[in-house]
Amino acid sequence: MILAIETSCDETSAAVIGGKGELLSNIVSSQIDLHSKYGGVVPEVACRKHLEVLNPVIQEALDAASCAYEDITAVACANRPGLIGAVLMGVGAAKTIAAVLGVPLISVDHLESHIYANFIEHKDIKFPAVVLIVSGGHTHLIYMKDHLKYEVLGKTRDDAAGEAFDKVGKVLDLGYPGGPKIDKLAKEGNDAAIRFPKAKLASPYEFSFSGLKTSVVNFLHKGGLKDHPIEDICASFQRAVVDVLVENTFKAAEDKKVKQILLSGGVVANSSLREKMSKRAEELGFKINFPSIKYCTDNAAMTGVCGYYKYKKKIFAKLDLDAYSTTGL
Ligand code: KG4
Ligand code: ZN
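The rules behind these values
- Residues numbered from 1 in each chain as written.
- Chains lettered and ligands numbered in written order.
- Predicted model: local features only at pLDDT ≥ 70, side-chain atom pairs only at ≥ 80, totals over all residues.
- Heavy atoms only, no water.
- Near = heavy atom within 4 Å.
- Polar contact = N/O pair within 3.5 Å; in protein donor to acceptor, adjacent residues only side chain to side chain.
- Areas by Shrake-Rupley, 256 points an atom, 1.4 Å probe, with all protein chains shown as cover.
- 1 Å grid on protein atoms, 1.4 Å probe; cavity = no way out; pocket = protein on both sides within 12 Å on 5 of 7 lines; lining within 4 Å.
- Sits in = over half its atoms within 2 Å of the grid points.
- Nonpolar A, V, L, I, M, F, W, Y, C, P; charged D, E, K, R; others polar.
- Donors = N, O, S within 2.8 Å, 3.2 Å for Na, K, Ca; no water.
- Helix = DSSP H or I, 4+ residues; strand = E, 2+ residues; numbered from the N terminus.
- Buried < 20%, exposed > 50% of the residue type's maximum accessible area, 1.4 Å probe, protein only.
- Patch = residues over 30% accessible without salt bridge, like charges linked within 9 Å, V, L, I, M, F, W, Y side chains within 5 Å.
- Salt bridge = Lys/Arg side-chain N within 4 Å of Asp/Glu carboxyl O.
- Lys, Arg positive; Asp, Glu negative; His and termini not counted.
- Charge placed at Lys NZ, Arg CZ, Asp CG, Glu CD.
- Pairing = 2+ DSSP bridges.

Draft legend 1. Seen up close, the site of ligand 1. Around ligand 1 there are 18 residues in total, and H114, G136, D166, D183 and G266 lie nearest to it. Within the side chain of H114, one N or O atom sits 2.9 Å away from an oxygen atom of ligand 1. A distance of 3.2 Å is found between an oxygen atom of ligand 1 and a backbone nitrogen or oxygen belonging to G162. Relative to its unbound accessible surface of 550 Å², ligand 1 loses 89% to contact with the protein. Mapping ligand 1 onto the cavity grids shows that it belongs to the largest pocket. Among the residues making up the shell around ligand 1, the classes are represented as 5 nonpolar, 10 polar and 3 charged.

Encoded structure:
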């Protein structure tokens, strides 16, 4: 049984994974309410909250899996990327538990754990695959030849897709995080009402969302909300983001001649992205997988499932494992 711990941003989470890679429990304590009044995550507040709730969250995960510390055979934790103080909380706890129990420690990159969220529920995924990771801090296109083998094809040059959603949400006074609220409003809007720019980059695998974000902000400062309902602005902005994500992902899948596409990260909770990606995959004959919405945003179940694949290959970390703010992918 693997105990997994995830504290890289504003969710404190612990999960237990069984001997066949099956999920036995997953407890997520979100800090969203704590940070929303500041319009974004306050790192110092996040790490103090992790410290306060981590032990009860771990205990709850063990209880929900009907197991005790003594039953744990390995401890997995996300040691990068994230808010450094926040990541340190989970790494410190995981190292301590592994040392006391005398079991292996497994380090997981938060980005690879997002990919492995797909393996919590889907057992029929075959490599090679092209993977899109779209979260609050990252937008990456990755080629995976096999389990745990990552080749980064391209990433965002500036803002991540989720960051663009959150910043536009902030200017629209929708609170933090903006992504889910924009998604909801966009359902009632006309996505062809306003033509926001889509960045054209030299590489088809790269992304840029800061120009789009600035364009929406300028549009609003010039009184855009007087002439257009907020639903149309949300739908038009969302379309500009989603269309680029769809285009680049399928271009990469075609170029790399893969049949399997995997989507991962918080922005994959977006209903338009899920719908357009599924439709295009069906039209072009690709197999596409994405996690249930509850496993798109941060959780320790994905950390644990990734840890399970590392455990099988005996890829262990040392007890002097450090925390980093950047990804190792
Ligand atoms: O993966 P995640 O939980 O945290 C990071 O690793 O960053 O992703 C959080 C991001 C936020 O930017 C949030 O606004 C976005 O995912 N998000 C969404 C939706 N749900 C969450 N963006 C668009 N539509 C959604 N429904
Ligand atoms: Zn994440």
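The structure having been displayed, the exposition proceeds.
Draft legend 2. Expanded view of the coordination of the zinc ion (ligand 2). Protein-derived ligands of the zinc ion (ligand 2) are H110 (NE2), H114 (NE2) and D298 (OD), with the metal-ligand distances lying across 2.0 to 2.1 Å. Site description for the zinc ion (ligand 2): donor spacing in sequence, H-x3-H-x183-D. Of this pair, H114 sits in helix α4 (residues 110–116) while D298 is found in the loop between α12 (293–296) and α13 (300–312), placing the two residues 184 residues apart along the sequence. With a relative accessible area of 14%, D298 lands in the buried category.

Draft legend 3. Geometry of a positive patch on the surface. On the surface, K145, K149, K312 and K313 cluster together into a patch of positive charge. Along the polypeptide, K312 turns up in helix α13. On the accessibility criterion, K312 (52% relative accessible area) is exposed.

Draft legend 4. Molecular detail of the pairing of strand β6 (residues 129–134). Within β6, 6 of the 6 residues are buried, which leaves it mostly tucked inside the rest of the structure. Alternating positions in β6 separate into two faces, A129, V131 and I133 on one and V130, L132 and V134 on the other, with burial throughout. Linkage of β6 to strand β7 (residues 139–144), two consecutive antiparallel strands, is achieved through a turn of 4 residues. Summarising the sheet, β6 and strand β9 (residues 260–264) pair through 5 bridges and their orientation is parallel. From the neighbouring strand, A129 faces β9, where its bridge partner is Q260.

Without other data, these values stay purely geometric and don't point to any function.
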